[in-house]
Amino acid sequence: MKKILNNTENLVKEMCNGMVKAHGNLLDYDEKYNLLSRKVKKTDKVVLISGGGSGHEPAHGGFVGKGMLDCAVCGEVFASPSVMQIYNAIKHNATEKGVLLIVKNYSGDVMNFDNAADLAIDEDDLNVDSVYVNDDVAIANEIDRRGVAGTIFVHKIAGAKAEEGASLEEVKAVAEKVIKNVRSMGIALNSCTVPARGKPTFDLEEENIEVGVGIHGEAGVKREKLMSSKELAIKLTDNIIKDLDLKSNEECALIVNGFGATPLQELYVLANDTIDCLDQKNIKVFKSLVGDYMTSIDMAGASITLLKLDDELKQLLCATSDTLAWKEF
């Protein structure tokens, strides 16, 4: 294993310190609880808090700032943050308008975020609510679907609504609207290497790919032969379009997301083929993002995310934001 680090025990803290030292105009860092918060806080808005295990950079700290998250809770690599980390994120950032937790649908995250919310409500009488992102169509059972790159659209659109001064109920409603209308699916060309483990999470033959991977280094739902970018675009978009019931003449937003080790060159090839697939179905791409947004450390591969749009979602998607990983759209 070759990685640029000092030791695995301090990896997350040193990463967070590096983010703040490089971008101190945007971020504050609470080293005790591994919290990345907005440098310039607003007290007249609903607070948005998300997070999870580290290793998905730029998520989640890269989306803290104006128009998106107010705080990201950073767990250790691929490990949910603790209840006390999340509780302190709520307690130190809450406003009278309330707090919305944006949680990816993994059992550890759901359990710890829920317990932290209950603690903040019971101990501090804070107004806290939650939404759960489950955009991964690779999992057939909707209850078990994982939150993956579609979470970024939830951050952006709920963040824009909160920035307008909307109520907690209104911000939650638009977040749930995004969750209802966003789907993702990904493939891996190889596994990632968790620093503390020191070797790939799974073995993958040179001629094969993993289809339907998550973002924690887990293998996909099936293994197939390596295929062309055009074939990948068709496979992924067909699954998403069918599940989302996206129809001709409807509009969508697109993320072609890298998993950490895929060159931007290849992501743009996949974007070209994905947009061609959508054009052939007369589905218009209103806006698109291409790059690393929700990664899996050093995994090679990519995911495609589609968000079905209406006028409200389009307006919020285009609202001003200022974060490390998302500036203007």
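Quick caveat, the model's predicted, so the values are computed rather than measured. (Residues numbered from 1 in each chain as written. Predicted model: local features only at pLDDT ≥ 70, side-chain atom pairs only at ≥ 80, totals over all residues. Heavy atoms only, no water.)

## Let's talk about helix 6 (residues 229-244)
If you check helix 6, its first and last C-alpha atoms are 22 Å apart, about what 16 residues at 1.5 Å a residue would give, namely 22 Å. Among the residues of helix 6, those classed as buried are Ser-229, Leu-232, Ala-233, Leu-236, Thr-237, Ile-240, Ile-241 and Leu-244. For helix 6, the buried positions fall inside an angular range of 140° around the axis, keeping them on one side. Packed against the buried residues of helix 6 are helix 5 (168-180), strand 7 (182-188), strand 8 (208-211), helix 7 (264-280) and strand 12 (301-308). (Helix = DSSP H or I, 4+ residues; strand = E, 2+ residues; numbered from the N terminus. Expected span 1.5 Å × (residues − 1). Buried < 20%, exposed > 50% of the residue type's maximum accessible area, 1.4 Å probe, protein only. Arc of directions from axis to C-beta. Contact = heavy atoms within 4.5 Å.)

## Observations concerning the nonpolar core
Core analysis: the largest hydrophobic core is formed by 61 residues, its most contacted members being Leu-48, Leu-100, Ile-102, Phe-153 and Leu-307. Per element, the largest residue contribution to this core is seven residues, and it comes from helix 4 (residues 151-163). (Core = buried A, V, L, I, M, F, W, Y, C linked by side-chain atoms within 4.5 Å.)

## Regarding the packing of helix 6 against helix 7
Two quantities define a packed helix pair, namely the angle between the helix axes and the distance between the axes. At their nearest, the axes of helix 6 and helix 7 sit 9 Å apart, and the two run at 50° to each other. The angle between helix 6 and helix 7 places the two elements in the oblique class. Crossing angle aside, the handedness with which helix 6 passes helix 7 is right-handed. Contacts from Ser-229, Lys-230, Leu-232, Ala-233, Ile-234, Thr-237 and Ile-241 of helix 6 reach helix 7 at Val-269, Leu-270, Asp-273, Thr-274, Cys-277 and Leu-278. When its residues are assigned to classes, the contact of helix 6 with helix 7 shows eight nonpolar, three polar and two charged. (Axes fitted to C-alpha atoms, helices over the stretch in contact; angles between N-to-C directions. Parallel < 35°, antiparallel > 145°, perpendicular 65-115°, else oblique. Left-handed = near helix turned anticlockwise from the far one by under 90°. Nonpolar A, V, L, I, M, F, W, Y, C, P; charged D, E, K, R; others polar.)

## Overview of the layout of surface pockets
Empty space within the largest pocket amounts to approximately 300 Å³. For the largest pocket, the lining is made up of 13 residues, of which Leu-11, Met-15, Gly-55, Glu-57 and Ile-297 are closest to its centre. With three residues, the single largest contributor to the lining of the largest pocket is helix 1 (residues 11-22). Along the lines of polarity and charge, the residues of the lining of the largest pocket split into eight nonpolar, three polar and two charged. Lining the second largest pocket are 14 residues, and of these Ile-187, Leu-189, Leu-232, Glu-266 and Leu-270 sit closest to its centre. Secondary-structure elements contributing two or more residues to the lining of the second largest pocket are helix 6, helix 7 and strand 12. Among the elements that line the lining of the second largest pocket, the one with the most residues is helix 7, at four residues. Each residue belonging to the lining of the second largest pocket can be placed in one class, and the counts come to 10 nonpolar, three polar and one charged. (1 Å grid on protein atoms, 1.4 Å probe; cavity = no way out; pocket = protein on both sides within 12 Å on 5 of 7 lines; lining within 4 Å. Points joined across faces, edges and corners; volume = space filled by probe spheres on them.)

## Looking at the sheet that holds strand 1 (residues 27-30)
With respect to topology, six strands assemble into an open sheet ordered 1-2-4-3-5-6, the strand pairing being mixed. Whereas interior strands pair on both sides, the edge strands pair on one side only; in this sheet they are strand 1 and strand 6 (128-133). In this sheet, adjacent strand axes meet at a mean angle of 25° when their direction is disregarded. (Pairing = 2+ DSSP bridges.)

## Some remarks on the pattern of salt bridges
Inspection of the entire model under this criterion finds 25 salt bridges. Ionic pairing is found between Lys-172 and Asp-129, a salt bridge with its closest N-O pair at 3.1 Å. Here Lys-172 is found in helix 5, whereas its partner Asp-129 is found in strand 6, with 43 residues between them in sequence. Salt bridges here are not isolated pairs; linked through shared partners, they connect Arg-38, Lys-42, Lys-45, Asp-70 and Glu-163. (Salt bridge = Lys/Arg side-chain N within 4 Å of Asp/Glu carboxyl O.)

## A few points about empty space enclosed by the protein
Under the criterion given, the structure shown has two cavities of 30 Å³ or more. Estimates place the volume of the largest cavity at around 80 Å³. Taken together, 14 residues line the largest cavity, and the ones lying closest to its centre are Glu-57, Ala-59, His-60, Gly-61 and Cys-74. Broken down by element, the residue count for the lining of the largest cavity peaks at four residues, all from strand 3 (residues 47-54). Looking at the lining of the largest cavity, its residues break down into seven nonpolar, six polar and one charged. The computed volume of the second largest cavity comes to approximately 60 Å³. Of all the elements in the fold, those that place two or more residues in the lining of the second largest cavity are strand 7 and strand 12. Here the lining of the second largest cavity takes three residues from strand 7, the largest share from any one element.

## Quick word on the packing of helix 2 (residues 83-93) against helix 3 (residues 107-124)
Direction vectors running N to C along helix 2 and helix 3 enclose 50°, while the axes themselves pass 8 Å from each other. As judged from the angle between their axes, helix 2 and helix 3 are oblique. Seen from above, helix 2 lies across helix 3 with right-handed handedness. Residues Val-83, Met-84, Ile-86, Tyr-87, Ile-90 and Lys-91 of helix 2 form the contact with helix 3, whose own contacting residues are Asn-112, Phe-113, Asn-115, Ala-116, Ala-117, Leu-119, Ala-120, Glu-123 and Asp-124.

## Overview of the sheet that holds strand 7
The sheet built from six strands is open, its strands ordered 9-8-7-12-10-11 with mixed pairing. Each edge of the open sheet is held by one strand with a lone partner, namely strand 9 (222-225) and strand 11 (284-291). Across the sheet, the mean angle from the axis of one strand to that of its neighbour is 20°, orientation sign disregarded. Examined bridge by bridge, strand 8 and strand 9 share four bridges and lie antiparallel to one another. For Ile-209, the partnering residue across the bridge sits in strand 9 and is Glu-224. In the packing of helix 5 onto the sheet, contacts are made with strand 7 and strand 12, and the angle to strand 7 comes to roughly 50°. Sheet strands in contact with helix 6 are strand 7, strand 8, strand 9 and strand 12, and its direction is about 155° off that of strand 7.

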